[in-house]
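Topology and contacts: notes
Below are the chains, spelled out letter by letter.
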Amino acid sequence: MNDGSKELPASLKLGTLWLLVMLLVFLGFKAWEREQGRSRIRIDSNGEIVLKRGPDGHFHWPGRLGEIEVMFMVDTGATSTALPERLAREAGLLSEGEVRSSTAGGVATGWRARAHLQLEGGVEARQLPVTVLPQLDAPLLGMDMLSKLQMSMSGNELRLRGNR
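Criteria and thresholds
Residue numbering note: each chain is counted from 1, following its sequence as written. It should be noted that, the model being predicted, local features are given only for residues of pLDDT at least 70 and side-chain atom pairs only at 80 or more, the latter also being counted only at that level, while totals for whole chains, interfaces and linings use all residues. Only hydrogens and water are removed before side-chain values are computed, so all heavy atoms of the structure are retained for them. Runs of H or I in DSSP of at least four residues are treated as helices and runs of E of at least two as strands, each being numbered from the N terminus. Every radius of gyration here is taken over C-alpha atoms, with the globule rule written as 2.2 Å times N^0.38, N being the number of residues. Classification of residues uses two cut-offs on accessible area relative to the type maximum, computed with a 1.4 Å probe and protein chains only: under 20% is buried, over 50% is exposed, and between them is partly exposed. The contact rule is simple, with two residues in contact once any of their heavy atoms fall within 4.5 Å. Only the protein chains shown count as covering a residue, and every accessible area follows the Shrake-Rupley method with a 1.4 Å probe. Within this scheme the basic residues Lys and Arg register as positive and the acidic residues Asp and Glu register as negative, but His and the chain ends are omitted. Positions of charges follow a simple convention, taking NZ of Lys, CZ of Arg, CG of Asp or CD of Glu. For the purposes of this section, nonpolar cores are sets of buried Ala, Val, Leu, Ile, Met, Phe, Trp, Tyr and Cys residues that join through side-chain atoms within 4.5 Å. Salt-bridge detection follows one rule: a side-chain nitrogen of Lys or Arg within 4 Å of a carboxyl oxygen of Asp or Glu.

The next thing to look at is the overall build of the chain. Scanning the chain for helices and strands turns up three helices and 11 strands. Listing every helix and strand of the chain by position from the N terminus yields α-β-β-β-β-β-α-β-β-β-β-α-β-β. Scaling as 2.2 N^0.38, a compact globule of 164 residues should have a C-alpha radius of gyration of about 15 Å, whereas the chain reaches 22 Å, well beyond that. With respect to the principal axes defined by its C-alpha atoms, the chain has extents near 80 × 40 × 30 Å. Taking all 164 residues of the chain together, 34% fall into the buried category. The contacts in the chain between residues at least 6 apart in sequence include a share of 50% that link residues at least 24 apart. Counting only carbon and sulfur atoms, one obtains 55% of the accessible surface of the chain, whose full area is about 10,500 Å². Within the chain, the 19 negative side-chain charges are centred at a point lying 3 Å from the centre of the 20 positive side-chain charges.

Take a look at the structure:
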């Protein structure tokens with residue numbers, strides 16, 4: 001019987017169903033991952049910011065680069081804050097000239113820019129000079145920001161407080 005309607009093949013229906021299931025699993029995992037990162041920071045009643053060490057052994061501090069949500073890795077060995085080039089371009093940062101930077105992987109060539117950073121807990125920097133590196137995977141929060149805070153570490157917690 002041909003009533004003029006075309007039925008999709010069963011394999012296409014099944015494939016579409018699997019794609020939707022996989023998409024939902026992926027989005028659920030990403031939401032869980034974001035929540036895990038957010039639960040690693042708390043602000044004590046005395047205003048102290050407490051970061052918990054992540055599963056990768058590093059401290060991560062959520063914030064914003066302009067209007068973009070960013071998860072910064074705290075890097076006390078970095079002199080300056082460093083950003084991946086793709087993130088800097090997405091944020092609309094402008095180059096202020098080429099720079100060579102010593103990294104764990106050797107000397108890298110990138111560029112300097114200025115950025116507006118806002119970190120959870122009320123820590124903020126406007127027009128902060130940052131290093132932009134094409135091969136960098138994740139944004140690093142360096143001592144140019146961290147040195148403005150009092151820091152102490154106890155076990156798997158990094159405690160930060162603004163200098164008053």
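Below, the discussion takes up the nonpolar core. The biggest cluster of nonpolar side chains holds 30 residues, and the ones touching the most others in it are L51 and W61. Elements with a minimum of two residues in this core: β2 (49–52), β3 (60–65), β4 (68–74), α2 (85–90), β7 (106–119), β8 (123–133), α3 (143–146) and β11 (157–162). When near neighbours in sequence (up to four residues on either side) are disregarded, L51 contacts R40, I41, F59, H60, W61, V74, N156, E157, L158 and L160. Within the second largest apolar cluster, six residues are counted, among which are A82, A108, L133 and L136.

So, on to the environment of Q150. Examined against the element boundaries, Q150 turns out to sit in strand β10 (residues 149–154). Expressed as a C-alpha distance, the spacing of Q150 and G47, which sit 103 residues apart in the sequence, is 12 Å.

Going through the model one piece at a time under the given rule, you end up with 10 salt bridges. With its nearest N and O atoms 3.2 Å apart, the salt bridge here joins D44 to R42. Classification of R42 as partly exposed rests on a relative accessible area of 33%. Linked through salt bridges whose partners overlap, the residues forming this network are R42, D44, E48, E157 and R159.

Our focus in this paragraph is unusual backbone geometry. Even without being a glycine, Q127 presents a positive backbone phi close to 55°. Relative to the elements of secondary structure, Q127 occurs in strand β8. Residue Q127 is classed as exposed on the basis of its relative accessible area, which comes to 52%.

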